[in-house]
Amino acid sequence: PEQQVQAERLRPIATLTTAYSAQQRYYEFSGVAKAGLTSRLSFRIAGKVQTLNVAVGEKVKKGQLIATLNPSDYQLELQKSQAALSQANAEARNASANYGRIKSLYETETASRTELDNAQAGSEAASALVRQAQNALALAEQRLGYTRLVNQEDNCLVANSEVESGENVSAGSTVVIVNCGNTTKVETVVSETFISQVKHGDEVFVQFNAFKGQRFKAVVTEVGVDAKGTAYPVTVALAETEAPILPGMAAIVSFKVELGNSSGKNVYLPMHVIQAEREHTFVYVVNDNGDGSASLAKTAITIGPFTGGELLVTSGLEVGQVVVSKGVRQLYDGMRVKYSSTVAQPL
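First, a word on what this report is: a plain description of the structure on this page. Bear in mind the structure is a predicted one, so any value in this text is a computation, not a measurement.

A few words now on the packing of aromatic side chains. Summed over the entire model, instances satisfying the criterion amount to 5 aromatic pairs. Centroid distance F282 to Y284: 5.6 Å. Interplanar angle 85°. Geometry classified as edge-to-face. In this structure an aromatic cluster arises from ring pairing among F208, F211 and F216. Residue placement shows R215 over the ring face of F205; its charged tip is 4.1 Å from the ring centre. Just above the ring of F282 sits the side chain of K298; from NZ or CZ to the centre is 4.5 Å.

What follows is the structure, given as structure tokens:
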């Protein structure tokens, strides 16, 4: 009768059986979609916006006219440069003719050497003024051409317009922002714990809140070395897809990270199974007594990185051992418990 009462008082426990888990685990980090190429188009000169030929959301091609400035001031500069070139050419012809005349007189000993040198210098100076006027004319033609803002990339989408017709703009100020290219990028930040395992060219998966249930393949193209707090910027490029992914969409980037030993034989346990005592961690290993009861052995273990739901056990446990999975805080080393092998579940 005493044995029967003792058996009934045994505490039942929930257990799980350790097993090898996959070496590679996925870690998720939030990110934002970016265009493959973002250009802030601007005029190279200042002026008043005469026309704005595109609207936000419009597709634009390479060579398409985006906007124009009022060209009247630059047309006057061009006309002034043309007149200066004509005057320089006339003076050059006059100086050349004078040099030829003095040279003939010098050959007949009617003109002095000084007069010849002065005439030659005057002709060369006039030729230099012609070249200067030609350069000024070319510059005026370029500046007139700069009144036309033309898209330089193909397959672009107007993301934003920052001016309106009639506004005065300075040189270099943004007129429109265009997103170009077929490639979509996602910018994310990876914690310092795993950044050393992220390499250029690694394959990752990207999910978007706008496309539930879809996973897109991507490749790591940039790994930052300047931390933002305790995380590092990482950029991934998506493979070509027909999904209408737009810049600014929220994304989740899944990185495949290798943990544990190189053989791939790793044991993971849920965090609630593992207990800490000062600087040591331990679990309760269940040893079957063969009579429907079991004895608990407090077993020290060494743990590795946290995977977001489980901890890697690097030493102290072997595959096939049964450990207590619930109510761990109410147990103690050597305690007899009620144990059934059917309760154990693989990890």
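Still more ground to cover, so stick around.
Turning to the pairing of strand β7 (residues 65-69), a few remarks are in order. Burial of β7 is extensive: 4 of the 5 residues sit out of reach of the surface. Across 3 bridges, strand β5 (residues 47-52) lies against β7 in antiparallel orientation. Within β7, the residue paired with V49 across the bridge is L69. Relative to strand β8 (residues 148-150), β7 is paired through 3 bridges, and the arrangement is antiparallel. Pairing of A67 across the sheet is with L149, part of β8.

At a minimum axis separation of 8 Å, helix α2 (residues 72-107) and helix α3 (residues 113-145) run at an interaxial angle of 165°. Judged on the interaxial angle alone, α3 and α2 are roughly antiparallel. For α2 against α3, the interelement crossing comes out left-handed. Residues belonging to the contact of α2 with α3 are distributed by class as follows: 20 nonpolar, 11 polar and 7 charged.

For the rest of this paragraph, the subject is the state of the cysteines. This model, assessed by the stated rule, comprises 1 disulfide. With a sulfur-sulfur separation of 2.0 Å, C156 is cross-linked through a disulfide to C180. As the torsion about the S-S bond is roughly 110°, the C156-C180 disulfide counts as right-handed. With C156 in strand β9 (residues 156-161) and C180 in strand β11 (residues 174-191), this pair connects stretches of sequence that are 24 residues apart. Comparing C156 with C180 shows no difference in burial state: the two are buried.

Let us now look at the nonpolar core. One finds V206, F208, V236, I245 and F255 to be the most contacted residues of the largest nonpolar core, which totals 24 residues. Elements with a contribution of two residues or more to this core: β4 (24-42), β11, β12 (203-208), β13 (211-223), β14 (231-238) and β15 (250-258). V60, C156, V163 and C180 belong to the second-largest nonpolar core, a separate cluster that totals 19 residues.

Spanning 33 residues, α3 covers 48 Å between terminal C-alpha atoms, matching the ideal 48 Å at 1.5 Å per step. Taken together, the buried positions of α3 are occupied by L116, A119, S123, A126, V130, A133, L137 and A140. Structurally, α3 contributes buried residues whose contacts are with α2.

Quick look at the side chain of S39 now. Structurally, S39 is set in strand β4. Setting aside residues no more than four positions away along its own chain, S39 makes contact with V176, I177 and V178.

Here we come to the sheet that holds β5. If you walk across this open sheet you meet the 4 strands as β8-β7-β5-β10, and the pairing is antiparallel. Because the sheet does not close on itself, it has two edges, and the strands there are β8 and β10 (168-169).

Structurally, the position occupied by P233 is in strand β14. Given a relative accessible area of 23%, P233 falls into the partly exposed group. As a C-alpha pair, P233 and I195 span 38 residues in sequence and 9.2 Å in three-dimensional space. Not counting residues up to four positions away in its chain, the partners in contact with P233 are T188, V189, E222, V223, G224, D226 and K228.

Conventions we followed
- Residues numbered from 1 in each chain as written.
- Predicted model: local features only at pLDDT ≥ 70, side-chain atom pairs only at ≥ 80, totals over all residues.
- Heavy atoms only, no water.
- Phe/Tyr/Trp six-rings, centres within 6.5 Å; stacked < 30°, edge-to-face > 60°.
- Lys NZ or Arg CZ within 6 Å of the ring centre and 35° of its normal.
- Buried < 20%, exposed > 50% of the residue type's maximum accessible area, 1.4 Å probe, protein only.
- Helix = DSSP H or I, 4+ residues; strand = E, 2+ residues; numbered from the N terminus.
- Pairing = 2+ DSSP bridges.
- Axes fitted to C-alpha atoms, helices over the stretch in contact; angles between N-to-C directions.
- Parallel < 35°, antiparallel > 145°, perpendicular 65-115°, else oblique.
- Left-handed = near helix turned anticlockwise from the far one by under 90°.
- Nonpolar A, V, L, I, M, F, W, Y, C, P; charged D, E, K, R; others polar.
- Disulfide = S-S within 2.5 Å.
- Core = buried A, V, L, I, M, F, W, Y, C linked by side-chain atoms within 4.5 Å.
- Expected span 1.5 Å × (residues − 1).
- Contact = heavy atoms within 4.5 Å.

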